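A look at the structure
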Number of protein chains: 2
Amino acid sequence: MADKKPRIVIVGAGFGGVKLARLFAGEDVEVTLVDRHNFHLFQPLLYQVSTAVLSTDEIAYPIRTFFRDNKNVKFFMAKAQGVDQNRKVLLTNHGEIPYDYLVLSAGATTNFFGMDRVEKNSFGMKTLQEAIHIRNHVLHMFERADKREDDETERRRMLTFVVVGGGPTGIEEAGAISELIGIQKKEFHQLDFNEVSIKLIEATPNVLPMMAPNLRDYTVEVLRRKGVDVMLDTQVVDYDGNTLKLKDGSEIPTKTVIWAAGVKAVPFIANCGSEVDRAGRIVVNEKLQVKGSNTVFAIGDCAHFQHGTERPLPTVAPVATQQAKTAFDNIMKLIRGENDLETFHYKDLGAMATIGRGKAVVNRTKINPQMTGFIAWCAWMFVHLIRLAGAHANVTVAIKWTWNLLSGTRLGRIITNIEL
Amino acid sequence: MADKKPRIVIVGAGFGGVKLARLFAGEDVEVTLVDRHNFHLFQPLLYQVSTAVLSTDEIAYPIRTFFRDNKNVKFFMAKAQGVDQNRKVLLTNHGEIPYDYLVLSAGATTNFFGMDRVEKNSFGMKTLQEAIHIRNHVLHMFERADKREDDETERRRMLTFVVVGGGPTGIEEAGAISELIGIQKKEFHQLDFNEVSIKLIEATPNVLPMMAPNLRDYTVEVLRRKGVDVMLDTQVVDYDGNTLKLKDGSEIPTKTVIWAAGVKAVPFIANCGSEVDRAGRIVVNEKLQVKGSNTVFAIGDCAHFQHGTERPLPTVAPVATQQAKTAFDNIMKLIRGENDLETFHYKDLGAMATIGRGKAVVNRTKINPQMTGFIAWCAWMFVHLIRLAGAHANVTVAIKWTWNLLSGTRLGRIITNIEL
C-alpha cells in the first residue's frame, strides 16, 4: 500500500463537499469529487435568481475552478446512484468509482410529504433550474394577465402568487416577490395592481422557528407591511395547478405555488446500504460514520446527526462545513492508523434572514444580541458577500444590490424560455 | 378621427424596433410594440454568452423598462404570424392587433440554405436560447470527454469544435472558443489538449467580406496564431450530428457545429402580403414602404432595400436604426397629411470585429483609417459598452471584460441543463 495513495471519494459539491475536498487537496491522497452539476451552487441566494435580482453565474461557481491548482483533486460529473459497501464502490450513471474512504455530502431536495399532485404542479426552490423556472413563470404570468382585458377571474388567478413555508427560504422568497411586484407596477400601465396578491402559507403558528419570538413577530409585521398576506396555522392539502386547496376546506385560485415547506435527503442516499431516518437522511454516529461502516462518512443535509437526545441538527451550511472539518480529521486519522477518532460538536452560529430590500433579522443564540431592520440587512449582506465563492461575483453582486436598493429596478427580468 | 390617436404597430424589438418606438413615444400616437420575447437582445455580444464570458441578463434588457415613462407605448408579448393588409390587422398567436401604420422590424434568423439535416444537428447563433445551448453543449463536451479514458476517437469527436461562416459572428465565435479552450486547459488535468481542435469553415476565399484585404489577412493570421484551423474555399454539404461532410468529399468527426454562415428574414415576413426576395426579406421602396402599400413599412434585417442597382444593404444594426429614423419621419408626414416622403440614404459607418481577447479589426469605409490589434479592441469595447442598453449592465460588463483580460478566467462556465 505504501506506493498507493488512499482514494477519497466525495459525493456532492455543496458547502460541505467543497470544504472537504479543499482540506484533502493539501494531503497526499487522491480525491474524486462527484456532482451531477459542474458548478457549486450558493443556495442561500437562490431566491434572488428566482426573483430576477441576480444572474445565474453570480451564485453558481465552476467546481473545477476551486481545484485549478490541485492535481490530486479530480472532478467527475455524474449522477450518483448508490453505494456498494462490500465492493467499496460508488455507483454512478457513468460507471463505478472505487474508494478507500467515501463521504456522502449529497445534500437535500424538496419534501412534498407524499402529496404527488402538489409536487407535480408547484415549484421547488433547491436547484438553479428551479429558480430559473420560477423567474420565467412569474414574469410570464404578468405578460399573460396583461392580455386578458376581459377575464378578471383568470387575471387574478395569474396574479396570485403563493409561497408555502415560513422558514428563511419562504420568508425571503415572499419578500423578494412582493418587491418584484412593486417594480412590475411601474411598467404594466394597463394592469390593475389591486388584482395582484402574494400569500405566505405556514402550517405552524410561527415563522422562522429558529428565531426568538420577538424577531418572528417583527418579520411577520414587516412582511404584512410589504403587502404579503401571511397565513399562519394554515395547511395545504392539494394543488392541481389552478386551485390550491387548504385543510379548512377553503381554496385559493392561483397559477403559482412555490414550495419551501420542507426538505428531505436526495433519494440516492437510500441506496447506500445503511439506515436512513424518516426524512431519508442517513444516520451517522458521533464520529460521522454511517451505521456499520468504518470508511463511509456522511455530512450536511443528507446526514442525520443527534447530540444525545436533542433533535437532529438543522439542514444549514454551518453544520455541513463544521462536519467537513471533523470528517477530514477522522479520515486522516484512519489513514495514519490512529483510532482515537474525534467526536463532532456543533457550534451554533445563530441565524439570519432578509425580509426583502433593506430589512433583515439576525439571531445569535449563544450570547444573544439580536439585530433587525437596515443594520441587520447590512450584516446579512456583508456575511453573504464575503462567503460568495466567485472572485468577481461578489463585486458585481455588490453593485447589483446597491443599484437595486437605490433604483428599485431589476434588469434580470428576462424570460429565457419561449412558452407563449 | 380628430379625437382618435393614430395606432402605430411595430413588430420586433430589435435595434430598429426599439429606436422607432422611442421616437414615436414622444408623439401624440398610440404605439404597440410586439415581440415574442420580453427582452431586447444585444445581438453583437451573443457570442460572449455562448462562450461563458457574459451572463444572459447583461445582453438582454427588459423591453418594458425602455418605456417605463411612456404610457402611450404598449408592449404586447406574442408571436407575429402574418398581416392582413385589407383589414389592416396584424395576426398574432394572441389575437389580432389593428393598425393605422405598421412597421415590420422582425429581424432575421439563421439560413441553412435548405440543408435540413445540418439545420437539425447544428447550432444557430441568433437567439439567447441558442447561445445558452451552445455554452451548455461545449462545456458538456469537455466533461464527457474527460470520462472517456479508453476511447480516443470518441474523445476527439467530442473535442472538435467547428464554426461555419467567416463573417464577424463566425470570427468572434471561433476566437472566443479558442480562448475558452485555453481556460479549460488549466482545469482538466487528465485531458490531452492536443486532442482538442477548433475549425473555422468559410465557403468563399475570404473572411470578413466587408473589410479591406489587409485586414482579412491580419484576421486569419491572428486566428491561426490562436490555434484556429481556418479553412477557406470550403463548403459544407451535410451533418448528421457526428460527422461533418464537405463538398470535396472529406469528413470531420465532430459533435459540435455552430452555424454562422447565413441569415434570412424570419418566416412570418412571407405572410405579410407583399413581395419578398430569395432571403425571405420583404421588398421596400426608397421610402421604406412595402410594395403596393402606403401604410406598411419594413426596416432592418427583414427588409430588402436597394440603392438603384447596388446590392441590397447588409443585415447590420446601423441600417436598422438609420431606417427607423426615416420610417418615423415618413409616417409622421403621412399622419400630418403631407405627401413629400423622405428617401432613405444609408450612411455606412464601417465595420468592426473582435478576434478574441485584446485583438480586433476596425474598417471605416469612407475616409479609410483602419485599426488593428489592441487599440482596435479598445475601440470595439468602447463602442459596444456605450451602446449596451442596461443601466448597470455596462458597469458589470466592463468589470468582467477587464477581469477576463487580466485573469483569463471565465466564471460563467456553468451547465444549466442536466443532460448527463
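Residues numbered from 1 in each chain as written. Chains lettered and ligands numbered in written order. Predicted model: local features only at pLDDT ≥ 70, side-chain atom pairs only at ≥ 80, totals over all residues. Heavy atoms only, no water.

An unreviewed UniProt entry annotates chain A as NADH:ubiquinone reductase (non-electrogenic) of Selenomonas montiformis. Quoted verbatim from the Sequence similarities (unreviewed entry) field of the UniProt record, the comment on chain A reads "Belongs to the NADH dehydrogenase family." (UniProt positions renumbered as here; feature names shortened; annotations may be inferred.)

**Quick notes on the domain arrangement of chain A**
Residues and elements named next belong to chain A. Split into domains, chain A comes out as domain 1 (7-110 + 263-335), domain 2 (116-261) and domain 3 (350-410). The C-alpha centroid of domain 3 is placed 22 Å from the C-alpha centroid of domain 2. Each partner contributes to the interface: domain 2 provides 21 residues, whereas domain 3 provides 21 residues. On the domain 2 side of the interface with domain 3, the three residues burying the most area are Glu172, Leu215 and Tyr218, jointly 31% of the side's total. (Domains from an automatic or database assignment. Contact = heavy atoms within 4.5 Å. Buried area = accessible area lost by both parts, 1.4 Å probe.)

**Observations regarding the side chain of Thr219 of chain A**
Topologically, Thr219 of chain A is positioned in helix α8 (residues 213-225). Discounting residues that sit within four places of it in the chain, Thr219 of chain A has contacts with Ile171, Val207, Leu208, Ile355 and Val361 of chain A. (Helix = DSSP H or I, 4+ residues; strand = E, 2+ residues; numbered from the N terminus.)

**Overview of the pattern of salt bridges**
If you walk through the whole model with that rule in mind, you get 50 salt bridges over all chains. Two residues, Glu275 of chain B and Lys291 of chain B, come together in a salt bridge whose shortest N-O distance is 3.0 Å. Of this pair, Glu275 of chain B sits in the loop between β18 (263-265) and β19 (282-283) while Lys291 of chain B is found in the loop between β19 and β20 (296-298), placing the two residues 16 residues apart along the sequence. A single network of salt bridges, built from pairs that share partners, joins Lys333, Arg336, Glu338 and Asp340 of chain A. (Salt bridge = Lys/Arg side-chain N within 4 Å of Asp/Glu carboxyl O.)

**Points about the interface of chain A and chain B**
Each partner contributes to the interface: chain A provides 58 residues, whereas chain B provides 57 residues. Between chain A and chain B we count six salt bridges in total. Across the contact surface, chain A and chain B share 24 residue pairs in polar contact (both at pLDDT 80 or more). Within the residue set of the side of chain A that touches chain B, elements represented by two or more residues are β4 (60-62), α3 (63-66), β5 (73-77), α5 (128-145) and α11 (393-407) of chain A. Looking at which element gives the most residues to the side of chain A that touches chain B, the answer is α11 of chain A, with six residues. Of the residues that constitute the side of chain A that touches chain B, the class distribution is 23 nonpolar, 19 polar and 16 charged. (Polar contact = N/O pair within 3.5 Å; in protein donor to acceptor, adjacent residues only side chain to side chain. Nonpolar A, V, L, I, M, F, W, Y, C, P; charged D, E, K, R; others polar.)

**Observations concerning the sheet that holds strand β7 (residues 89-92) of chain A**
Strand pairing in a sheet is mediated by backbone hydrogen bonds. Such pairs are either parallel or antiparallel. Residues and elements named next belong to chain A. The sheet built from three strands is open, its strands ordered β6-β7-β8 with antiparallel pairing. Looking at strand neighbours, the two that pair on one side only are β6 (80-84) and β8 (95-98), the edges of this open sheet. If you compare each strand with its neighbour and ignore which way they point, the axes differ by 25 degrees on average. Bridging between β6 and β7 involves four bridges; their strand directions are antiparallel. By the bridge assignment, Asp84 is partnered in β7 with Val89. (Pairing = 2+ DSSP bridges. Axes fitted to C-alpha atoms, helices over the stretch in contact; angles between N-to-C directions.)

**Remarks on the pairing of strand β14 (residues 236-239) of chain B**
In summary, the side chains of a regular strand alternate between the two faces of the sheet. All names here are of chain B. Relative to strand β15 (residues 243-246), β14 runs antiparallel, the two sharing three bridges. Following the sheet pairing, Tyr239 is matched in β15 by Leu244. Here β14 hands over to β15 after three residues, with Gly241 in that stretch at a positive phi of 100 degrees.

**A closer look at unusual backbone geometry**
Even without being a glycine, Leu208 of chain A presents a positive backbone phi close to 40 degrees. In this structure, Leu208 of chain A sits in the loop between β12 (197-201) and α8. The phi torsion at Phe113 of chain B lies on the positive side, around 50 degrees, for a residue other than glycine. Relative to the elements of secondary structure, Phe113 of chain B occurs in the loop between β10 (108-110) and α5 (116-121).

**Focus on the pairing of strand β8 (residues 95-98) of chain B**
Residues and elements named next belong to chain B. By the bridge criterion, four bridges tie strand β7 (residues 89-92) to β8 in an arrangement that is antiparallel. The residue bridging Leu91 from the neighbouring strand is Glu96, located in β8. In textbook terms, the turn of a hairpin is the stretch between consecutive antiparallel strands, and for β7 and β8 this stretch comprises two residues.

**Side note on the relation of the copies chain A and chain B**
With an RMSD of 0.0 Å, the operation that places chain A on chain B is a rotation of 180 degrees combined with a shift of 0.0 Å along the axis. What we have between these two chains is a two-fold relation. Judged by C-alpha distance, Thr396 of chain A is the residue of chain A that lies nearest the rotation axis, at 2.9 Å. Take the interface residues of chain A: 98% of them recur as interface residues in chain B, which is what a same-surface contact looks like. (Least-squares fit on C-alpha atoms with pLDDT ≥ 70 in both.)

**A short note on the packing of aromatic side chains**
Enumeration over the complete set of coordinates arrives at 20 aromatic pairs over all chains. Centroid distance Phe305 of chain A to Phe344 of chain A: 5.2 Å. Interplanar angle 85 degrees. Geometry classified as edge-to-face. Taken as a pair, Phe305 of chain A in the loop between β21 (303-304) and α9 (317-335) and Phe344 of chain A in the loop between α9 and β22 (351-354) lie far apart in primary sequence, 39 residues in all. The residues Phe305 of chain A and Phe344 of chain A share a single accessibility class, namely buried. Each member of the aromatic cluster is reached from another via a ring pair, and the members are Phe142, Phe161, Phe188 and Phe193 of chain A. It is Arg64 of chain A that lies over the ring of Phe188 of chain B; its NZ or CZ is 3.6 Å from the centre. Over the face of the ring belonging to Phe76 of chain B we find Lys147 of chain A, whose NZ or CZ atom lies 5.6 Å from the ring centre. (Phe/Tyr/Trp six-rings, centres within 6.5 Å; stacked < 30°, edge-to-face > 60°. Buried < 20%, exposed > 50% of the residue type's maximum accessible area, 1.4 Å probe, protein only. Lys NZ or Arg CZ within 6 Å of the ring centre and 35° of its normal.)

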